[in-house]
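Chain and residue survey
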Amino acid sequence: MLDAALYGGDDSPAMILTYAWDRLLIDPVPGPRGPENFTGLRPLTRSVWTVPADAKPVAPAGSTLPRLAAELPHTFALIDPMHGVEGITRQLEELIEHLAPESIDLLDVGGDILAKGDEPTLRSPLGDALTLAACCQVGAPVRLLVAGPGLDGELPAELLADRMGAPTLTLMAEHVEPISSVLEWHPSEATAMLAATARGVRGLCEVRDAGLPVPLTDDGPAVHEADLDDALNRNELARAILATETLAKAEQHSREICGYSEIDYERNKASWLSSKPEQELAPETVLRQLDQFEAKVRDRGITHTTFRRITEALGLNGKQRQDLRALLLSRRPEQYEAPLWRIPAES
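Everything numeric in this text was worked out from a predicted model, so none of it was measured.

Before going further, it helps to examine the pairing of strand β11 (residues 212–216). Across five bridges, the pairing between strand β10 (residues 203–207) and β11 is antiparallel. Across the sheet, the residue bridging to L204 is P215, located in β11. Taken together, β10 and the strand that follows it, β11, pair antiparallel across an intervening segment of four residues, in which R208 is found at a positive phi of about 65°.

Encoded structure:
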């Protein structure tokens with residue numbers, strides 16, 4: 001979406017350096033994946049591997065990156081955080097030397113990259129801190145962009161207002177079009193809400209297993225620029241891990257500074273999910289459970305939710321998410337406000 005808005009999309013494909021760090025719905029193994037967790041990667045530099053469409057994660061790991069590479073015109077390269085910030089910095093420096101890019105954008109959807117580290121609603125600071133710390137150490141200008149402030153369900157938009165500049169652009173429905181097919185299967189809730197707000201959807205969306213309410217407002221599709229150095233000076237975790245050489249060391253800093261590590265949370269959740277028996281996807285039972293779920297969230301003022309949230313709320317596992325989605329779209333297509341599920345008004 002951002003590439004379409006800023007650079008014209010298909011006319012100038014981007015190099016996207018990103019984590020293979022999917023939710024447990026997709027990847028049952030906690031934490032991010034490294035190159036050793038894939039087959040079929042292609043070397044680009046000494047430390048950077050690209051993820052082509054025919055790459056495959058090594059079981060039991062899963063990844064959305066090969067399918068993204070198949071459906072989008074851009075090149076996807078793998079952030080390898082196993083060597084800490086020093087390793088990511090080395091990857092960035094090699095890419096910059098190899099590609100000589102016209103511009104470098106560090107994009108965060110939601111804005112938790114602008115956290116201090118002590119905010120009570122912060123849930124996933126480690127991945128952002130790693131990339132922020134690395135980008136501040138490369139010898140090239142990096143522009144820090146925040147899309148959809150508050151849409152990740154972590155820091156509320158009003159808290160972020162004085163940590164970033166005025167909107168530099170607003171995403172529109174035409175910017176969503178290049179990824180419309182991806183939105184039909186990709187599990188990212190923040191991206192789904194960003195796309196929905198760009199298409200004009202407004203309301204209150206319930207997300208995650210915790211059922212967090214996220215406002216869908218006119219500020220949702222806005223993209224802001226923030227000062228990279230200010231973000232680093234504010235982010236205590238990012239400063240602490242600047243010289244780390246392993247992910248384990250960076251994770252320990254997260255426990256000490258923030259009081260937790262999101263990988264620990266994933267470990268605990270993965271253990272709980274693995275012990276949970278799989279439920280049958282019986283259509284009439286599912287629709288009855290959906291009615292009960294919708295009645296509860298409607299009482300909380302919720303107008304929309306995600307398929308990930310419905311999957312977990314109904315006690316289904318990640319492998320059943322797409323089958324659940326297909327069932328709901330076939331039975332109640334009028335409630336699909338792409339890519340979100342609309343909670344109907346009480347009849």
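What follows concerns the packing of helix α4 (residues 125–135) against helix α11 (residues 247–258). With their axes 10 Å apart at the nearest point, α4 and α11 run at an angle of 120° to one another. Relative to α11, the element α4 is oriented oblique. Crossing geometry of α4 relative to α11 is assigned as right-handed. Contacts between α4 and α11 involve P125, L126 and L130 from the former and L247, A250, E251, S254 and C258 from the latter. Partitioned by chemical class, the residues of the contact of α4 with α11 number six nonpolar, one polar and one charged.

Bringing the sheet that holds strand β7 (residues 105–109) into the picture now. Strand order across the open sheet formed by four strands is β7-β8-β12-β9, with mixed pairing between neighbours. Of all the strands in the sheet, just β7 and β9 (167–170) have a single pairing partner and so form its edges. Going across the sheet, the axis of each strand differs from the next one's by a mean of 25°, ignoring polarity. Looking at chain direction, β9 and strand β12 (residues 222–226) are connected through three bridges and run antiparallel.

With an omega of 10°, the peptide bond between A59 and P60 qualifies as cis. Going from A338 to P339, the amide bond is cis rather than trans, its omega being 0°. Summarising the element assignment, P339 is placed in the loop between β14 (336–337) and β15 (340–342). The phi dihedral of A100 falls on the positive side, at around 45°, and the residue is not glycine. Inspection of the secondary structure assignment puts A100 in the loop between α3 (84–99) and β7. For A100, a relative accessible area of 60% puts it in the exposed group. Even without being glycine, R208 reaches a positive phi, approximately 65°. For R208, the position within the fold is in the loop between β10 and β11.

The rules behind each value
- Residues numbered from 1 in each chain as written.
- Predicted model: local features only at pLDDT ≥ 70, side-chain atom pairs only at ≥ 80, totals over all residues.
- Heavy atoms only, no water.
- Pairing = 2+ DSSP bridges.
- Helix = DSSP H or I, 4+ residues; strand = E, 2+ residues; numbered from the N terminus.
- Axes fitted to C-alpha atoms, helices over the stretch in contact; angles between N-to-C directions.
- Parallel < 35°, antiparallel > 145°, perpendicular 65-115°, else oblique.
- Left-handed = near helix turned anticlockwise from the far one by under 90°.
- Contact = heavy atoms within 4.5 Å.
- Nonpolar A, V, L, I, M, F, W, Y, C, P; charged D, E, K, R; others polar.
- Buried < 20%, exposed > 50% of the residue type's maximum accessible area, 1.4 Å probe, protein only.

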